[in-house]
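# Fold and contact review
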Amino acid sequence: MHHNLEWFHSLDIEYDASTFDSDPFEPQPEGTGTIFPFRVDPPDGTGKGYVEMPYTLPQDFTLS
């Protein structure tokens, strides 16, 4: 799963839930580093941001 939180500003959304809190097995393994929702403000300072709600699900290998 590739994620770039800056790209989502062009979608005119209010919230997003497409990034994990941590995910060592994906192409971009860094994750957001938190389980709590947080606001992502645009880099241009217009004030129209969105709320990111990280995935907090266990990895597949822990479910067996």
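Going by the structure above, here's the rest.
Heads up: these notes are all about the structure in this document. (Residues numbered from 1 in each chain as written. Predicted model: local features only at pLDDT ≥ 70, side-chain atom pairs only at ≥ 80, totals over all residues. Heavy atoms only, no water.)

This paragraph deals with the overall build of the chain. Scanning the chain from terminus to terminus reveals zero helices and three strands. Counting helices and strands in the order they occur from the N terminus, the chain gives β-β-β. Buried positions account for 27% of the 64 residues belonging to the chain. Partitioning the contacts of the chain with sequence separation of at least 6, the portion at a separation of at least 24 is 53%. (Helix = DSSP H or I, 4+ residues; strand = E, 2+ residues; numbered from the N terminus. Buried < 20%, exposed > 50% of the residue type's maximum accessible area, 1.4 Å probe, protein only. Contact = heavy atoms within 4.5 Å.)

Strand order in this open sheet of three strands is β1-β3-β2, and the pairing throughout is mixed. The sheet terminates laterally at β1 (15-16) and β2 (38-40), the two strands that pair on one side only. Across two bridges, β1 lies against strand β3 (residues 50-52) in parallel orientation. Each residue of the ladder has a partner; that of aspartate 16, found in β3, is glutamate 52. (Pairing = 2+ DSSP bridges.)

What follows concerns the pattern of salt bridges. Opposite charge on two side chains makes pairing possible when the charged atoms of those side chains draw close. Applying the stated criterion to the full structure yields one salt bridge. When the shortest N-O distance is used, the salt bridge between arginine 39 and aspartate 41 registers 2.8 Å. We classify arginine 39 as partly exposed; its relative accessible area is 47%. (Salt bridge = Lys/Arg side-chain N within 4 Å of Asp/Glu carboxyl O.)

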